[in-house]
Amino acid sequence: MTKRAGIVLAGGKAERFQKSQETWQDKALAELEGKPLIVHAVENLRKVVEEIVICVNDEARKAQYMQVLTNNGIKNVRLLVDEKIDHLGGPLLAIYTGLKAVEADFCITLPATCP
């Protein structure tokens, strides 16, 4: 059987999303119709893949997202902290981290803010 996986990229700085002079806001946690965008992304991705991993850039964000997912009834999603590789960062590093972790014939990558 062909297995499909989804890699959700959720480690960005969301610089264009910020308002000057206000506290930093995590774009993936911004709400749409009462749910964080990352929850929408996972729920919709679940319809087409068998395995989902979310790649983040640090342990604090990993813990925060795990709590948000749990509070929204999301289970069976792995959260990974991006590997540390000299001269590599951003979405490419997250994709690399995700691809190494999944066991699938096909993968789709998408940002956490893609409901």
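This section reports on the structure supplied with the text. These numbers were taken from a predicted model, which means no experiment stands behind them.

About the criteria used
Residues numbered from 1 in each chain as written. Predicted model: local features only at pLDDT ≥ 70, side-chain atom pairs only at ≥ 80, totals over all residues. Heavy atoms only, no water. Helix = DSSP H or I, 4+ residues; strand = E, 2+ residues; numbered from the N terminus. Buried < 20%, exposed > 50% of the residue type's maximum accessible area, 1.4 Å probe, protein only. Pairing = 2+ DSSP bridges. Axes fitted to C-alpha atoms, helices over the stretch in contact; angles between N-to-C directions. Contact = heavy atoms within 4.5 Å.

1. Observations concerning unusual backbone geometry
Glycine aside, a negative phi is what most residues show, and trans is what most peptide bonds show. Backbone geometry at Glu33 places phi at a positive 50 degrees, although glycine is not the residue there. The backbone of Asn76 sits at a positive phi, close to 60 degrees, despite the residue not being glycine. Here Asn76 is to be found in the loop between α2 (59-71) and β5 (78-81). Overall, the relative accessible area of 75% leaves Asn76 in the exposed class.

2. With respect to the sheet that holds strand β4 (residues 51-56)
The sheet built from 4 strands is open, its strands ordered β5-β4-β1-β6 with parallel pairing. Edge positions in the sheet fall to β5 and β6 (106-111), since each of these pairs with one other strand and no more. Each neighbouring strand pair of the sheet contributes to a mean axis angle of 25 degrees, computed without reference to strand direction. Strand direction decides the pairing type here: β4 and β5, joined by 4 bridges, are parallel. The residue bridging Cys55 from the neighbouring strand is Leu80, located in β5. In the packing of α2 onto the sheet, contacts are made with β4 and β5, and the angle to β5 comes to roughly 165 degrees. On top of the sheet, helix α3 (residues 90-101) reaches β1 (4-9), β4, β5 and β6; it is set at about 150 degrees to β1, its chief contact.

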